[in-house]
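In case you want the letters, here they are:
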Amino acid sequence: MIAMRKNRVLGRRVYQPTPKDIRRACEEIQATWSPRKRAKRDRGPRATWWTPPMIRVSDLVEAINGEWADSPP
């Protein structure tokens, strides 16, 4: 059963799924996936540890200054 909770601000009942509702819906959707689609969507454990590369601000400033120096007035 889908949880319906009363919105305190508007006084109406609105759909606010619980974590259990969300998990159940995800499992229902994933049950329809083909093996190919499942493999395509699987990022594996390594994806959870990815972080964007570190960039030094001084490198950005140098790059911007270099672009300004190369551009015509």
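Residues numbered from 1 in each chain as written. Predicted model: local features only at pLDDT ≥ 70, side-chain atom pairs only at ≥ 80, totals over all residues. Heavy atoms only, no water.

Draft legend 1. Quick look at the overall build of the protein chain. Counting its regular elements, the protein chain contains three helices and two strands. Reading the protein chain from its N end, one meets helices and strands in the order β-β-α-α-α. A burial count over the protein chain gives 5% of its 73 residues as buried. A total accessible area of about 7500 Å² is found for the protein chain, and carbon and sulfur atoms account for 59% of it. (Helix = DSSP H or I, 4+ residues; strand = E, 2+ residues; numbered from the N terminus. Buried < 20%, exposed > 50% of the residue type's maximum accessible area, 1.4 Å probe, protein only. Areas by Shrake-Rupley, 256 points an atom, 1.4 Å probe, with all protein chains shown as cover.)

Draft legend 2. Representation of the pattern of salt bridges. With the rule as written, the count across this model stands at two salt bridges. Across the salt bridge formed by arginine 24 and aspartate 21, the nearest N and O atoms sit 3.5 Å from each other. Taken together, the positions of arginine 24 and aspartate 21, both in helix 1 (residues 19–30) and three residues apart, correspond to about one turn of that helix. Classification of aspartate 21 as buried rests on a relative accessible area of 10%. Taking the shortest distance from any N to any O, the salt bridge between arginine 56 and aspartate 59 comes out at 2.9 Å. Taking relative accessible area as the criterion, arginine 56 reaches 54% and is therefore assigned exposed. On the basis of relative accessible area, aspartate 59 is assigned to the partly exposed category, the value being 32%. (Salt bridge = Lys/Arg side-chain N within 4 Å of Asp/Glu carboxyl O.)

Draft legend 3. Focus on the environment of threonine 32. Locating threonine 32 in the fold gives a position in the loop between helix 1 and helix 2 (35–41). On the accessibility criterion, threonine 32 (64% relative accessible area) is exposed. Looking at threonine 32, its side chain comes within polar contact range of the main-chain oxygen of isoleucine 29, at 2.6 Å. (Polar contact = N/O pair within 3.5 Å; in protein donor to acceptor, adjacent residues only side chain to side chain.)

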